[in-house]
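So the chains spell out like this:
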Amino acid sequence: MALLQENTLLSLLFLLCMAMSVSSHNRPYTTPDVPRLTDLFPHVLIDRGLSKFFGAQNIQLLNNGSYANLALDKSSGSGLVSRSKYRYGFFSAAIKLPAGLSSGVVVAFYLSNADTFPHSHDEIDIELLGHDKRNDWVLQTNIYSNGSVFVDNIPVREFPSSGAFSSTYPSKPMSVYATIWDGSLWATHGGKYPVNYKYAPFVVSLAEMEMVGCVLDPRQKPLSSCSSKSPSSSSDPVEGQDFAALSQQQIMAMHWARSKLMFYSYCKDTSRFKVMPPECK
C-alpha cells in the first residue's frame, strides 16, 4: 500500500514536533513491515467519543456511530471534536480522502486547546492538503515537542527529547479534532490553486477511531495526575515499551518513508533559516 492513498490510516502519538511534507505521487510502493500499534487499542464509536464542532449540516454519522462523513461545500466545512481532553495519549483514525480534483481542500486530524486557552494555546497537527491536477495529496505535520508521527503504522517523523523544549509538553490538556475546510489562500502551491466548488461536495470519511490516554479537566488547578493506567504496561501510550522509543525496525521504516516520499523538511531549508532551530542539530 502506498504511504498516502484515498484510504489512509493516520496515527498520532500525543507528544510531537514541527513541519514536514510527504507525497506518494501515485507511485506504487511495497511498504516496510512494522508493528501494528493501532491493533493495541479498541475502536471508539465516533458519536460517543466526539461531538459536532462546526458545520453540523455537513456531518453524517453512519453504521450506529462507527463511521462519519464530513463534507466541505460552498456554505461551510465541518468538523468533530473529542468529548474529553487529554494530557497525553494515542489517537488514530482511518481516513478516506475526497476523490478527484481537490486543490485547496484541507483535511486535518489534530490536537489543540485553543478553545480554553485562546491566547496561549498548544496545537499538534496532521494536515492533508489537496493538490493540483495530479489529484495528489500532501501530508504536512506541525509538531512542537517530544514524540513521533505514524502513517499506516509507519513512523514518518520522530522528535526525541533533547532539552531544546520543555520536558512537559503540552503543558495543558488538549482536545482531538477531525475537520475539513477551505485552505485556498495557502494550501496548494501557496494559494495558486484554490478550491473549485464545481467538484463539491468534498467528503472525507472517518472510521476505526482510537483515543486512549490521560483524561484531565483543564479547569482543574493544579492539574491532577491520571487516576488510571493502561492495563498493559507495554501499551501505555507514553511510558509503555512500545511507545517509549522507536524500535530498530521502526527506525528503518521511517528512513524508508523519508527517502521515498518526503520532499520538504524545514531542517534543510537554509534559505529560510540562517540559523537552524535547535531540534535540527
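Rules behind the numbers
Residues numbered from 1 in each chain as written. Predicted model: local features only at pLDDT ≥ 70, side-chain atom pairs only at ≥ 80, totals over all residues. Heavy atoms only, no water. Helix = DSSP H or I, 4+ residues; strand = E, 2+ residues; numbered from the N terminus. Contact = heavy atoms within 4.5 Å. Salt bridge = Lys/Arg side-chain N within 4 Å of Asp/Glu carboxyl O. Buried < 20%, exposed > 50% of the residue type's maximum accessible area, 1.4 Å probe, protein only. Polar contact = N/O pair within 3.5 Å; in protein donor to acceptor, adjacent residues only side chain to side chain. Core = buried A, V, L, I, M, F, W, Y, C linked by side-chain atoms within 4.5 Å. Phe/Tyr/Trp six-rings, centres within 6.5 Å; stacked < 30°, edge-to-face > 60°.

Trainee: Give a detailed account of the overall build of the protein chain, specifying residues and quantitative values.
Mentor: Summing up its helical and strand segments, the protein chain has 2 helices and 15 strands in all. Restricting the contact set of the protein chain to residue pairs at least 6 apart, pairs at least 24 apart contribute 73%.

Trainee: If you had to explain the environment of asparagine 69 to someone new, which residues and values would you point to?
Mentor: Looking at the secondary structure, you find asparagine 69 in strand β5 (residues 67–72). Remark: the alpha-carbon pair of asparagine 69 and valine 204, spanning 135 residues in sequence, is separated by 5.7 Å. Non-local contacts of asparagine 69, meaning those with residues more than four positions away in its chain, are made with Asn58, Ile59, Gln60, Leu62, Val203, Val204 and Ser205.

Trainee: Go over the pattern of salt bridges, please, and point to the residues and values.
Mentor: Using the criterion set out here, one finds 2 salt bridges in the structure. For aspartate 39, the salt bridge identified is with arginine 36, shortest N-O distance 3.0 Å. Measuring nitrogen to oxygen at the nearest pair gives 2.8 Å for the salt bridge that ties lysine 85 to aspartate 115. Remark: aspartate 115 occurs in the loop between β8 (105–112) and β9 (123–130) and lysine 85 occurs in the loop between β6 (78–82) and β7 (86–96); sequence separation between them is 30 residues.

Trainee: Give a description of the side chain of aspartate 269 that names residues and reports values.
Mentor: With respect to the helices and strands, aspartate 269 occurs in the segment after β15 (262–265). Judged by its relative accessible area of 15%, aspartate 269 is buried. Within the local environment of aspartate 269, its side chain forms a polar contact with the side chain of tyrosine 264, the two groups lying 2.9 Å apart. In this structure aspartate 269 touches Tyr264 and Met276, once residues within four positions along its chain are discounted.

Trainee: Can you break down unusual backbone geometry residue by residue, with the values?
Mentor: The omega torsion across alanine 200 and proline 201 is 0°, close enough to zero to call that bond cis. As for its placement among the helices and strands, proline 201 is situated in the loop between β13 (175–182) and β14 (202–215). The phi angle at asparagine 63 is positive, at roughly 50°, despite the residue not being glycine. Relative to the assigned elements, asparagine 63 resides in the loop between β4 (59–62) and β5. Classification of asparagine 63 as exposed rests on a relative accessible area of 55%. For asparagine 64, which is not glycine, the phi dihedral falls at a positive 60°. Among the secondary structure elements, asparagine 64 is positioned in the loop between β4 and β5.

Trainee: Outline the nonpolar core, supporting the account with residue identities and numerical values.
Mentor: Membership of the largest hydrophobic core comes to 40 residues, with the highest contact counts inside it found for Leu70, Leu80, Ile95, Val107, Phe109 and Ile180. Broken down by element, the residue count for this core peaks at 5 residues, all from β14. Setting aside chain neighbours within four positions, we find leucine 80 in contact with Ile46, Leu50, Ser51, Lys52, Phe53, Ile59, Ala68, Leu70, Val176, Tyr177, Ala178 and Leu206. Ranked by size, the runner-up nonpolar core spans 5 residues in total, among them Leu37, Phe41, Phe90 and Phe243.

Trainee: Break down the packing of aromatic side chains for me, with residues and values.
Mentor: Applying the stated criterion across every chain, the model contains 7 aromatic pairs. Seen in terms of ring centroids, phenylalanine 53 and tyrosine 177 are 5.0 Å apart; in terms of plane orientation they differ by 65°. Their pairing is edge-to-face. You can see phenylalanine 53 sitting in strand β3 (residues 50–54) and its partner tyrosine 177 sitting in strand β13, a full 124 residues away along the chain. Take tyrosine 177: its relative accessible area is 4%, and that puts it in the buried class. With centroids separated by 6.1 Å and ring planes inclined at 40°, the aromatic side chains of tryptophan 181 and tryptophan 186 adopt a geometry described as tilted. For tryptophan 181, a relative accessible area of 26% translates into the label partly exposed. Note on tryptophan 186: relative accessible area 34%, which makes it partly exposed.

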